[in-house]
Amino acid sequence: METCKKTRLPLLFVLFVWLLISISGTAILSSAEIELLSPPDGSLYDPVSPIEREFLANSDARSVRPPKLESAIVEFQKKVAEYEAMVEQYKAEGKNIKELKSPKDRYNFYQHNDWSAALMERYQVESQTYRPFSWKTEETLSDVTVLWSETPDFQPALRGYSDRNKQKKPESAIRPANLKLGVRYYWKVTGRNAEGESVQSDVWTFTTLDKPPRLLSSPAVNNFRDLGGGTNADGKRVRQGLLFRGAAVTPLRYCLVPQGTAEEEYEYFFRNVLNLRTELDLRSEGEFQKRCRDWGETGLDQVGVTRIGYPLVGYHLYYPANQPLFREIFSRLANSDTYPVFFHCAGGADRTGTLGVLLDGIIGRDDQTIIDNYELTSLSQHPRYRYSRKAAGMFETLHAIAPDEPIRVQVVRFLLKVGVLQSEIDAIREILVEE
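What counts and what doesn't
- Residues numbered from 1 in each chain as written.
- Predicted model: local features only at pLDDT ≥ 70, side-chain atom pairs only at ≥ 80, totals over all residues.
- Heavy atoms only, no water.
- Buried < 20%, exposed > 50% of the residue type's maximum accessible area, 1.4 Å probe, protein only.
- Helix = DSSP H or I, 4+ residues; strand = E, 2+ residues; numbered from the N terminus.
- Pairing = 2+ DSSP bridges.
- Core = buried A, V, L, I, M, F, W, Y, C linked by side-chain atoms within 4.5 Å.
- Contact = heavy atoms within 4.5 Å.
- Polar contact = N/O pair within 3.5 Å; in protein donor to acceptor, adjacent residues only side chain to side chain.
- pLDDT = per-residue confidence, 0-100.
- Salt bridge = Lys/Arg side-chain N within 4 Å of Asp/Glu carboxyl O.

Enquirer: What is the right way to read the pairing of strand β7 (residues 184-192) from this model?
Expert: Looking down a regular strand, the side chains alternate between one sheet face and the other. In terms of burial, β7 is largely enclosed, as 7 of its 9 residues are buried. As paired strands, strand β4 (residues 142-149) and β7 are joined by 6 bridges and run antiparallel to one another. Residue T145 lies in a different strand from β7, and its bridge partner there is T190. Here 4 bridges tie β7 to strand β9 (residues 204-208), and the two strands are oriented antiparallel to one another. If you follow W187 over to β9, its bridge partner there is W204. Relative to strand β8 (residues 198-200), β7 is paired through 3 bridges, and the arrangement is antiparallel.

In structure tokens, the structure reads:
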């Protein structure tokens, strides 16, 4: 009897283990079906791409001071004559005149110089090919999703979907989006195999480089980034996840999402990823309503975000209509209940760029960072450089207020001149900067 009991117990144990494997076999086998390749487990990762870093590292090369005004006018007149000649030629040949670029852009110096134009060509290639996170699998997978999280249980998690190749199969590589700076992340790849079973990779970790800018990506917003991250000129940390800038929200019907619906993307991105409370729309109400009629745009109030319109005029700091708007905007931003905030115009370039310079000044960024943040718009479809006529006028206006001081001091003195309260400036800085 003793012997029978001893031989039966191991058998029961084997049956029990077999039953567990049968029930949860997917979880046990899953990590072997997807093998993570890069970046190395536990490594340091820069969320800013190599060409984006190259753009930032070459401030003088990307933005060359234009000719003196007299030379610029002569050049502009020459370009107008060339343009008019091309218009007549296009008419004679029956071509579409709208394909011609108006010379006014040249006059305002809203263009890439030779160095930056060459870099932008390489950037277009990089945006299609730069996929630093990769994995491999022998399986034919569907519903492939990559997850990144600050916690090992992936609650909550950012998600990403890899592009599809010419055979319409998901690629085994991706560039992560919307990662915070200076944070340790856990990541894994999940999907379904040919039998429809859930599979996943092992979990690896990496730490993001703590060096701004924090560039963001979404099908719903272009030219998008967080004003937080890194330190200000006094070495104090600037909080992330509170203040975002970008272009107008892409209308639902033009929002290309790899999985699900555009409505789901809006809800996920603006509510789950950004946790937005307030949208500051710097366009006029007429401009917004026209885009609603013509393009199907909707305000973020559709996903529970408070939308407020402030029809700002870009660059012209002392424009009479701007001054009460500045007082209203900064009064609202002095209230911590307003955050997180997303401010934008149409392209996120001019009106947004103007408010961005003023907010960077309040944060206390150094001059180079303020200029970098203004010119970063050039990585989208809107070349914007500090020596363009309008931008140069704005920086010259600030310079005249306090010629020997950094931009951050000039900004604060300007805001005080137009009626923004010192207590509001202090409150905004306290919200955005860790003392």
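Enquirer: Help me understand the nonpolar core in this model?
Expert: One recurring pattern in soluble globular proteins: nonpolar side chains tend to sit buried together. With 45 residues, the main nonpolar core has F330, L333, Y339, F414, L415 and L432 as its most contacted residues. Of all the secondary-structure elements, those providing two or more residues to this core are α9 (322-333), β15 (341-344), α10 (351-363), α11 (367-375), α12 (389-401), α13 (407-417) and α14 (422-432). Here this core gets 6 residues from one element, more than from any other, and that element is α10. The residues contacting L333, other than those within four sequence positions of it, are L280, Y339, V341, L359, I428 and I431.

Enquirer: Before we go on, may I ask you to explain the side chain of E297 in this structure?
Expert: You can see E297 is positioned in the loop between α8 (285-295) and β14 (306-309). A polar side-chain atom of E297 sits 2.6 Å from a polar atom in the side chain of R283. For E297, the side chain forms a polar contact with the side chain of R291, separated by 2.5 Å. In this structure E297 touches A248, V249, P251, R283, F288, R291 and C292, once residues within four positions along its chain are discounted.

Enquirer: Explain the confidence of the model for the chain here, please?
Expert: Where the model shows low pLDDT, its predicted coordinates should not be examined in detail. Here the chain averages 87 in pLDDT, and 88% of its residues register 70 or above. Across residues 1-9, confidence stays below pLDDT 50; counting only partners more than four residues off in sequence or on other chains, it has 0 contacts.

Enquirer: Whenever I open this one, the environment of L274 confuses me. Can you help?
Expert: Here L274 lies in the loop between α7 (262-273) and β13 (278-281). Assessed through its relative accessible area of 4%, L274 is described here as buried. Not counting residues up to four positions away in its chain, the partners in contact with L274 are L216, F224, F244, F269 and P340.

Enquirer: Would you explain the sheet that holds strand β12 (residues 243-246) in this entry?
Expert: Strand-to-strand pairing in sheets goes through backbone hydrogen bonds, with the strands running parallel or antiparallel. One open sheet holds the 6 strands; their spatial order is β10-β11-β12-β15-β13-β14, and the pairing between them is mixed. The sheet is open, and its two borders are formed by β10 (214-215) and β14, each paired with just one other strand.

Enquirer: Help me out: how do you make sense of the sheet that holds strand β3 (residues 133-136) in this one?
Expert: Overall, antiparallel pairing links the 3 strands, which are arranged β1-β3-β6 in an open sheet. Taken across any chain shown, the strands that pair with only one partner, and hence form the sheet edges, are β1 (35-38) and β6 (173-174). Here β3 pairs with β6 via 2 bridges, running antiparallel. From the neighbouring strand, S134 faces β6, where its bridge partner is A173.

Enquirer: Would you take a moment to explain the pattern of salt bridges for this structure?
Expert: Note on pairing: side chains with opposite charge can pair once their charged atoms come close. For the structure shown, the criterion picks out 23 salt bridges. Between K136 and E35 there is a salt bridge whose closest N-O contact spans 3.7 Å. Taken as a pair, K136 in strand β3 and E35 in strand β1 lie far apart in primary sequence, 101 residues in all. A salt bridge links R365 to D360, with the shortest nitrogen-to-oxygen separation between them at 4.0 Å. Assessed through its relative accessible area of 3%, R365 is described here as buried. Residues participating in the shared-partner salt-bridge network are D281, R283, E285, R291, E297 and R307.

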